[in-house]
Amino acid sequence: PSDPRTLTAESFTLTPAGGEPVLATVTYDSTSTTASLTPQSLLASATVYEARLTPAIADTADNPLAADHVWTFTTATIDTTAPAVVAVFPEADAAGVPLDAVVTATFGEPIDPLTLTAESFTLTPAGGEPVLATVTYDSSSTTASLTPQSLLASATIYEARLTTAIADTAVV
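Numbering of residues begins from 1 in every chain and follows the order in which that chain's sequence is written. Only residues with pLDDT of at least 70 are given local features in this predicted model, and only at 80 or more are side-chain atom pairs given and counted; all residues enter the totals for whole chains, interfaces and linings. To get the side-chain values, all heavy atoms of the structure are used, and hydrogens and water are removed first.

(A) Focus on the side chain of Thr47. Mapped onto the elements, Thr47 comes out in the loop between strand 3 (34-39) and strand 4 (48-53). Under the rule applied, a polar contact is a pair of N or O atoms within 3.5 Å (in protein, one hydrogen donor and one hydrogen acceptor; residues adjacent in sequence only if both atoms are side-chain atoms). At 2.8 Å, the side chain of Thr47 forms a polar contact with the backbone oxygen of Ser45. Should any heavy atoms of two residues lie within 4.5 Å, those residues are considered in contact. If we ignore the near neighbours within four places in the chain, the residues touching Thr47 are Pro16, Phe73, Thr74 and Thr75. Only DSSP runs of H or I with at least four residues qualify as helices, and only runs of E with at least two residues qualify as strands; both kinds are numbered from the N terminus onward.

(B) Here's a closer look at the nonpolar core. Membership of the largest hydrophobic core comes to 14 residues, with the highest contact counts inside it found for Phe107, Ile111, Leu116, Phe121, Ala144 and Leu146. Breaking this core down by element, the ones donating at least two residues are strand 7 (103-107), strand 8 (121-125), strand 9 (133-138) and strand 10 (143-148). Other than its neighbours up to four places away in sequence, Ile111 contacts Pro83, Leu116, Tyr137, Ile166, Ala167, Asp168 and Thr169. Grouping buried Ala, Val, Leu, Ile, Met, Phe, Trp, Tyr and Cys residues that are joined through side-chain atoms within 4.5 Å yields what is termed a nonpolar core. Burial here depends on accessible area, computed with a 1.4 Å probe over protein chains only, as a share of the maximum for the residue type. Under 20% is buried, over 50% is exposed, and the range in between is partly exposed. Residues Val26, Tyr28, Tyr49 and Ala51 belong to the second largest nonpolar core, which totals eleven residues.

(C) Expanded view of unusual backbone geometry. Here the bond from Phe89 into Pro90 is cis, since omega is -10 degrees, no more than 30 degrees from zero. A positive phi angle is found at Asp62, which is not glycine, with a value near 70 degrees. Counting through the fold element by element, Asp62 comes out in the loop between strand 4 and strand 5 (69-74). The exposure class of Asp62 is exposed, given its relative accessible area of 59%. In this model, Ala155 sits at a positive phi of 50 degrees, which is unusual for a non-glycine residue. For Ala155, the position within the fold is in the loop between strand 10 and strand 11 (158-162). Looking at Ala155, the relative accessible area reads 85%, which means it is exposed.

(D) Local environment of the packing of aromatic side chains. In summary, the pairing rule links any two rings of Phe, Tyr or Trp, Trp by its six-membered ring, whose centres are within 6.5 Å, and it sorts them by plane angle into stacked for under 30 degrees, edge-to-face for over 60 and tilted for everything else. Considering all chains together, one arrives at two aromatic pairs under this definition. Summarising the aromatic geometry, the rings of Phe12 and Trp71 are spaced 6.3 Å apart at their centres and angled 50 degrees between planes, so their arrangement reads as tilted. Placement of Phe12 in strand 1 (residues 12-16) and of Trp71 in strand 5 is noted, with a sequence separation of 59 residues between them. Geometrically, the ring pair formed by Tyr49 and Phe73 is stacked, given 5.9 Å between the ring centres and 20 degrees between the ring planes.

(E) Inspection of the pattern of salt bridges at higher detail. The working definition used for a salt bridge is a side-chain nitrogen of Lys or Arg within 4 Å of a carboxyl oxygen of Asp or Glu. Scanning all chains against the criterion turns up four salt bridges. The salt bridge partner of Arg52 is Asp68, with a shortest N-O separation of 2.5 Å. One end of the pair, Arg52, is in strand 4; the other, Asp68, is in the loop between strand 4 and strand 5, with 16 residues separating them in the sequence. Residue class for Arg52 comes out partly exposed when judged on its relative accessible area of 23%. Through salt bridges with shared partners, one network takes in Glu50, Arg52 and Asp68.

Following this line, the structure appears as structure tokens:
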């Protein structure tokens with residue numbers, strides 16, 4: 001096992017290519033013999049980082065690492081584009097929509113299903129309150145479906161609304 005006193009922010013570093021080491025907290029779990037470096041802020045998007053353990057790290061018998069242990073990784077590209085709706089049913093201003101219609105919205109990218117709710121996807125008759133409905137999501141087709149709990153009213157204009165609470169699956 002490592003001597004936890006030798007695992008510090010100076011002996012275990014994380015540095016972006018061409019930059020200075022990031023500010024981080026280094027911890028050691030003696031049970032699993034795992035050292036962890038936790039950056040104090042988010043890492044930069046699409047950036048190569050170098051992690052380094054130095055010979056300043058020693059075991060409990062005071063034997064240091066023989067040499068630096070270095071590895072690199074690249075962070076993911078942060079998705080900053082909001083999800084877009086690429087298809088809907090029924091189409092805008094459609095007439096003669098079946099009274100038992102299921103309203104759907106297909107997105108151009110995967111959506112976090114926890115953000116698709118009866119509050120974030122609604123169907124409301126003109127001048128009324130949103131209809132009671134069940135909202136589901138099919139990840140294979142990136143389609144959200146709103147199924148009203150009762151038949152829609154005949155000859156009534158409805159507004160389907162998707163709110164900004166709906167998010168994609170990108171990790172930010």
